[in-house]
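This is what each chain is made of:
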Amino acid sequence: MKKRRNFVREMGERRYKRLFVIATEGEKTEPQYFSLFNDRQAIVKIMCLNRQKGSAPLHVKKSMEDYLIAKKMDLRTDDEAWLVVDKDNWQDDHLRQLYEWANQKSNYGLALSNPCFEYWILLHFEDAKGVSSAKDCCNKLQQYLPNYDKGIPSGKFTPSMISDAIQRASNRDQTQDAPWPQSTGSTVYKLVQNIRKTQ
């Protein structure tokens, strides 16, 4: 009988330079969008966590905490962990807990879109003036993505469109005196900027 050889994984450097661990409220659109930034050169690795039951902000935070504990993950200085949520009708005290979590470490972050992540997607196409509700966002988005149904068509966003979205969101950002956008806006651009700095 042949002796079975034990498989030993060689220790060494990981293949990518920076890791972004992202816990999202949405199960489809957000992971599809952020997967656009995984590159073939393996400079950046984007890992979107599978959402646990419930989409409330505190469930998103718990997904991240459970993942970091389960993996005994101590993120390297260059790595980042982000919570990505919508304002929707969530209570401010729940969002504040996410904000406080994000302020624990310099490589933690909170990206919040008010009213919803679709607002961030819409900024890739236009200034989104006059948009104030999730319904407005989805209706306007249908003009650019007619078959949009909580999903991102592959290859739809060019680097210049992403740059435009960053600029538009940055111009609207009024969070200097508030932890997240109190009116229509999105701080997802901060996460995307950090990802693109490495690429």
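For the structure, check the block above.
The sections below set out a description of the structure shown in this document. Numbering of residues starts from 1 in every chain and runs along the sequence as written. In keeping with the predicted nature of the model, local features appear solely for residues at pLDDT of at least 70, side-chain atom pairs appear and are counted solely at 80 or more, and the whole-chain, interface and lining totals rest on all residues. Derived side-chain values reflect all non-hydrogen atoms in the structure, with water molecules and hydrogen atoms excluded from consideration.

Bringing the packing of aromatic side chains into the picture now. Aromatic rings from Phe, Tyr and Trp, with only the six-membered ring used for Trp, were paired whenever their centres fell within 6.5 Å, and each pair was classed as stacked if the ring planes differed by under 30 degrees, edge-to-face if by over 60, and tilted otherwise. Overall, the coordinates contain nine aromatic pairs when judged by the stated rule. Aromatic pair Tyr 33 and Phe 157: ring centres 5.9 Å apart, planes at 75°, arrangement edge-to-face. One end of the pair, Tyr 33, is in helix H1 (residues 29-35); the other, Phe 157, is in the loop between helix H5 (134-144) and helix H6 (159-172), with 124 residues separating them in the sequence. The two residues Tyr 33 and Phe 157 agree in class, both being buried. Aromatic side chains Phe 125 and Phe 157 sit 5.8 Å apart centroid to centroid with 55° between the ring planes, which places their arrangement in the tilted category. Linking Phe 125 in the loop between helix H4 (117-122) and H5 with Phe 157 in the loop between H5 and H6, this pair joins segments that are 32 residues apart in sequence. Judged on exposure class, the residue Phe 125 and its partner Phe 157 are both buried. A run of H or I in DSSP counts as a helix once it spans at least four residues, and a run of E counts as a strand once it spans at least two, with each numbered from the N terminus. Here's how the labels work: a residue is buried when its accessible area is under 20% of the maximum for its type, exposed when over 50%, partly exposed in between, all with a 1.4 Å probe on protein chains only.

Of note, Asn 171 is situated in helix H6. Along the chain, Asn 171 and Gly 185 lie 14 residues apart, while their C-alpha atoms are 9.5 Å from each other.

Judged by nonpolar contacts, the single largest core of 37 residues is most densely connected at Tyr 33, Phe 34, Trp 120, Ile 121 and Val 192. Residue assignment for this core shows that the elements contributing at least two residues are strand E1 (18-24), H1, strand E2 (44-48), strand E3 (80-86), H4, H5, H6 and helix H7 (188-198). Contacts are assigned to residue pairs with any non-hydrogen atoms lying within 4.5 Å of each other. Discounting chain neighbours no more than four positions away, the residues touching Tyr 33 are Phe 117, Trp 120, Ile 121, His 124, Ile 152, Phe 157, Ile 162 and Val 192. Side-chain atoms within 4.5 Å link the members of a nonpolar core, which is a set of buried Ala, Val, Leu, Ile, Met, Phe, Trp, Tyr and Cys residues.

A few words on the pairing of strand E4 (residues 108-114). Counting buried positions along E4 gives seven out of seven residues, so the element sits mostly inside the fold. Across the two faces of E4 the burial is the same, with Tyr 108, Leu 110, Leu 112 and Asn 114 and Gly 109, Ala 111 and Ser 113 all buried. Paired strands, as defined in this entry, are two strands with at least two bridges between them according to DSSP. Where E3 meets E4, six bridges bridge the pair, whose relative direction is parallel. Along E4, the bridge assignment pairs Asp 86 with Ser 113. With its strands directed away from the observer, a crossover is right-handed exactly when the path from the first strand over the helix to the second travels clockwise. On the question of chirality, the crossover connecting E3 to the parallel E4 by way of helix H3 (residues 92-102) is right-handed. Looking at chain direction, E4 and strand E5 (residues 185-186) are connected through two bridges and run antiparallel. Its bridge partner lying in E5, Ser 113 is registered against Ser 186.

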